[in-house]
Amino acid sequence: MVSDSGSVFIMDVETLRVSKYDKFGRYLSRWGSLGSDPGQFSDPGNMVIDASGFIYVVDRGNNRIQKFNDRGGFLKEFGAGGASGIELLNPTGIAIDPAGDIYVTDTGNHRVVKFNSVGVVIRTWGVQGDGDGEFQSPGAVAVSSSGLQIYVVDQGNNRITRFDTDGTFLGASGSEGDGDGQFSQPGDITVNSSGNIYVVDEGNHRIQRFDSRIRYMSQWGTEGDGDGQFRQPQYIEVDGVSGVVYVTDPGTSTVQKFNNLGQFIIKLEGSFQSLGHITVDTINKRVYVSDAGNRRVLRYESGGQLLGEIGVP
């Protein structure tokens, strides 16, 4: 995860610490450990950073979201009762809209919870089911390029769903299968500056592209080890300036780069073990790939040239 100033924040899932580096890869600080106290983690997941530089970490094992300043100072926790007034169960996805409001997929409770930046619940929506506005273990979540729509991966129902920022259901797309617009284990989701949506279709070894109204547009990828093929695609990220798409595939231990239409460009150099998240720094034209098995992050320029690695202390 990269801040607007170029600082890089990396979650080490082995030591349960967040490490901070400058834009040149120089180590600055770290925080976190195993536990349930403020600033500690148990099975941490996704992180996001808001326009003010505050960091939000999904602390799955402790069923909460934790908020920190950019120096690692603990500020608040959401979702573990208390002031937030709500209990999360296995939270998974997290996204922030332009107004600074936070959307969390409360996977175990089959709903989405919307918080403001100080952790007050604005609203919740969703119950377990397969009807309009219902979920079966919602996963990843993303905000549209306009900031007016919320996209939720409804994992158990093999579909993606669309809402406005008040939680009003606007539509769903997908069903179980391998046809156009169908899914088998949909995973990560991201949105480009034109409003197109990219979804990792893990079980079908491919990426699918939709328009802003979640209408199917195209797909790419088949099972295999060749260029443009996947065995276990997991995370996806888009360069907000160029539109280039990066996909991590732990099944082939590769990171592949595509244009916005899915045409293969290059595989990023590197020998990976247990690939994690990928982050694109559009300001400084850098790409960061988490290689958890080797306890490092590889740093690339936007054209794909390897610049070096950042060790995780």
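See the structure above.
Residues numbered from 1 in each chain as written. Predicted model: local features only at pLDDT ≥ 70, side-chain atom pairs only at ≥ 80, totals over all residues. Heavy atoms only, no water.

1. Concerning the pairing of strand β24 (residues 275-281)
Inference 1: The buried count for β24 comes to six of seven residues, which makes it a mostly enclosed element.
Inference 2: Counting the residues between successive antiparallel strands, the hairpin from β24 to strand β25 (residues 286-291) contains four residues, one of them, Lys-285, with a positive phi of roughly 55 degrees. (Buried < 20%, exposed > 50% of the residue type's maximum accessible area, 1.4 Å probe, protein only. Helix = DSSP H or I, 4+ residues; strand = E, 2+ residues; numbered from the N terminus. Pairing = 2+ DSSP bridges.)

2. Looking at the side chain of Asn-158
Inference 1: In this structure, Asn-158 sits in the loop between β13 (149-154) and β14 (159-164).
Inference 2: On the accessibility criterion, Asn-158 (9% relative accessible area) is buried.
Inference 3: A distance of 3.1 Å separates the side chain of Asn-158 from the backbone nitrogen of Gln-185, its partner in a polar contact.
Inference 4: Sequence-distant contacts of Asn-158, defined by excluding residues within four places in its chain, comprise Gly-174, Ser-175, Glu-176, Phe-183, Ser-184, Gln-185 and Pro-186. (Polar contact = N/O pair within 3.5 Å; in protein donor to acceptor, adjacent residues only side chain to side chain. Contact = heavy atoms within 4.5 Å.)

3. Some words on the sheet that holds strand β5 (residues 55-59)
Either a parallel or an antiparallel arrangement is found when strands of a sheet pair, and the pairing is made through backbone hydrogen bonds.
Inference 1: Read across the sheet, four strands follow the order β4-β5-β6-β7 without closing on themselves; strand pairing throughout is antiparallel. Edge positions in the sheet fall to β4 (44-49) and β7 (74-78), since each of these pairs with one other strand and no more. Geometrically, the sheet is characterised by an average inter-axis angle of 20 degrees between neighbouring strands, direction not taken into account.
Inference 2: Strand direction decides the pairing type here: strand β6 (residues 64-68) and β7, joined by four bridges, are antiparallel. Each residue of the ladder has a partner; that of Gln-66, found in β7, is Glu-77. (Axes fitted to C-alpha atoms, helices over the stretch in contact; angles between N-to-C directions.)

4. Notes on the sheet that holds strand β19 (residues 216-220)
Inference 1: Here four strands make up an open sheet; going across it, the order is β16-β17-β18-β19 and the pairing antiparallel. For this open sheet the edge positions go to β16 (186-191) and β19, each flanked by a neighbour on one side alone. With direction set aside, neighbouring strand axes in the sheet form an average angle of 20 degrees.

5. Observations concerning the packing of aromatic side chains
Inference 1: The full count for this structure, using the stated rule, is 17 aromatic pairs.
Inference 2: Between Trp-31 and Phe-68, the ring centres sit 5.6 Å apart and the planes meet at 45 degrees, which makes this aromatic pair tilted. Taken together, the positions of Trp-31 in strand β3 (residues 27-31) and Phe-68 in strand β6 put the pair 37 residues apart, joining distant regions of the chain. Across this residue pair, the class does not change: Trp-31 and Phe-68 are buried.
Inference 3: Each ring, one from Phe-230 and one from Phe-258, has its centre 5.9 Å from the other, and the planes form 50 degrees; the classification is tilted. (Phe/Tyr/Trp six-rings, centres within 6.5 Å; stacked < 30°, edge-to-face > 60°.)

6. Describing the environment of Pro-250
Inference 1: Mapped onto the elements of the fold, Pro-250 is located in the loop between β21 (245-249) and β22 (254-258).
Inference 2: When near neighbours in sequence (up to four residues on either side) are disregarded, Pro-250 contacts Gln-232, Gln-234 and Leu-275.

7. Notes on unusual backbone geometry
Inference 1: A positive phi angle, near 50 degrees, is found at Asn-158, a position not held by glycine.
Inference 2: At His-205, a residue that is not glycine, the phi angle is positive and equals roughly 55 degrees.
Inference 3: A relative accessible area of 16% places His-205 in the buried class.

Honestly, that's just the spatial picture; any functional story needs more than this.
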